[in-house]
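Observations on the model geometry
Okay, here's what each chain looks like letter by letter:
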2 protein chains.
Amino acid sequence: MSEIARVLVMKLSNGVEWGLHCCVSISQSDGPVSAARLAELHGVPPSYLAKHLQALSRAGIVRSTPGPVGGYAFTRPAAEVSVLQVVQAVDGPEPAFRCTEIRRRGPLALSPERCEKPCAVSRAMATAETAWREALAGISVADLAGRIDQDSSGTAMRDLRSWLAGAP
Amino acid sequence: MSEIARVLVMKLSNGVEWGLHCCVSISQSDGPVSAARLAELHGVPPSYLAKHLQALSRAGIVRSTPGPVGGYAFTRPAAEVSVLQVVQAVDGPEPAFRCTEIRRRGPLALSPERCEKPCAVSRAMATAETAWREALAGISVADLAGRIDQDSSGTAMRDLRSWLAGAP
DNA sequence: GCAATCTCGGATATTCCTTGTCCTGGTTAT
DNA sequence: ATAACCAGGACAAGGAATATCCGAGATTGC
């Protein structure tokens, strides 16, 4: 058995992927899109997808309308919704690296007043996460839709729009 | 109950923090440092810390020597060990975002030959992770040690070295 | 106005991973 | 030879992510 470290690196819930694809889909619809319909489109469990859509709703990215013709729709143009906002809405705003304040333990523990400033390790990790966040903040849902359309030579968004319009 | 999304964001195992602090400690010692000693210094469970140190050893960052005066020591200068290498050694090299190829499912599923290129969502997340990785690659363990020393006005590394030297 | 129907929303189980411990075997210095 | 250390795996416990269900509320059509 020559397997190397199998432990997983920092992990992102699959809800992030679902949420982003759903945002792209919603951006192509005129009216609201229901959770059941989005689940069918992407082939994912409806009840679970609903949970992530609710998170988007709580974050104010989409607005939900009840009733027979209800569903989810954007509150603002897709060009003004960044990927970061969607990711943080679904997975929460907490950083990946959580400092345990290891320097305050053990025989060489630092006094509390010496720990006002975060430690160098924590700062290094925070810097990297800021770079990650800025990269995601620079991409909008509209950008994603445009790129997907380019990848498919213009057919993807057309097919998507027609599917969303038909078969209510 | 007016609580907002409490779900956790992408998560990094606490072994990352331990591994980085241990690397800083090892860098300040002349001889090898044993796992039990590192655990005592940082106030963490020895058996569990040993697991992460073994990961560092497998990755070739440190070299372990058995025997009464054994322990862990760097294989190369601390200035040539990046934070990224430590993080990936402990937590694995896999990306945080795992594309499920959602576009190949549902009624508008794309054909396999149209999925050779990763989808736009996956590319966006990969770009952000690259930025994260580059930020971590630009910081070395020696840098960390230097910054910790600055934070403590020069006492931290001195105290650390003397603790490592004494009380074998 | 009223009922039916469809929607969201939160509370609830289940599975999996992370955390943590322990034990056996192998290697080195005294 | 003995003692001290590392390496790796088996194993248990806790918690988070996954997945599902049922109730509350709103809109449509009559």
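I will try to describe carefully the structure that is included in this document.

What counts, and where the lines are drawn
- Residues numbered from 1 in each chain as written.
- Chains lettered and ligands numbered in written order.
- Predicted model: local features only at pLDDT ≥ 70, side-chain atom pairs only at ≥ 80, totals over all residues.
- Heavy atoms only, no water.
- Contact = heavy atoms within 4.5 Å.
- Buried area = accessible area lost by both parts, 1.4 Å probe.
- Salt bridge = Lys/Arg side-chain N within 4 Å of Asp/Glu carboxyl O.
- Polar contact = N/O pair within 3.5 Å; in protein donor to acceptor, adjacent residues only side chain to side chain.
- Nonpolar A, V, L, I, M, F, W, Y, C, P; charged D, E, K, R; others polar.
- Patch = residues over 30% accessible without salt bridge, like charges linked within 9 Å, V, L, I, M, F, W, Y side chains within 5 Å.
- Areas by Shrake-Rupley, 256 points an atom, 1.4 Å probe, with all protein chains shown as cover.
- Lys, Arg positive; Asp, Glu negative; His and termini not counted.
- Charge placed at Lys NZ, Arg CZ, Asp CG, Glu CD.
- Helix = DSSP H or I, 4+ residues; strand = E, 2+ residues; numbered from the N terminus.
- Axes fitted to C-alpha atoms, helices over the stretch in contact; angles between N-to-C directions.
- Parallel < 35°, antiparallel > 145°, perpendicular 65-115°, else oblique.
- Left-handed = near helix turned anticlockwise from the far one by under 90°.
- Expected span 1.5 Å × (residues − 1).
- Buried < 20%, exposed > 50% of the residue type's maximum accessible area, 1.4 Å probe, protein only.

Our focus in this paragraph is the interface of chain B and chain A. Many descriptions give the size of an interface as the accessible area lost when the pieces come together. At the interface, 63 residues of chain B touch 64 residues of chain A. Of the roughly 5800 Å² buried at the junction of chain B and chain A (both faces included), carbon and sulfur atoms supply 67%. Where chain B touches chain A, the interface holds four salt bridges. Between chain B and chain A we count 13 residue pairs in polar contact (both at pLDDT 80 or more) in total. Residues belonging to the side of chain B that touches chain A are distributed by class as follows: 38 nonpolar, nine polar and 16 charged.

All right, on to a positive patch on the surface then. On the surface, a cluster of positive charge is made up of Lys11 and Arg98 of chain A together with Lys11 and Arg98 of chain B. Here Arg98 of chain B shows up in the loop between helix H4 (83–91) and helix H5 (120–137).

So, on to the packing of helix H3 (residues 46–58) of chain B against H4 of chain B. Residue and element names in this part refer to chain B. Between H3 and H4, the least distance of the axes is 8 Å, while the angle of their chain directions is 120 degrees. In terms of their interaxial angle, H3 and H4 are classed as oblique. Crossing of H3 against H4: the hand is right-handed. Contacts between H3 and H4 involve His52, Ala55 and Leu56 on the former and, on the latter, Val86, Ala89 and Val90.

Quick look at helix H5 (residues 120–137) of chain A now. Here H5 of chain A spans 25 Å end to end across 18 residues, near enough to the 26 Å set by a 1.5 Å rise per residue. Turning to H5 of chain A, its buried residues number three or more, namely Ala120, Val121, Ser122, Ala124, Met125, Ala128, Glu129, Trp132 and Leu136 of chain A. Summarising the contacts, the buried residues of H5 of chain A are in contact with helix H4 (83–91) of chain A together with helix H1 (15–27), H4, H5 and helix H6 (141–151) of chain B.

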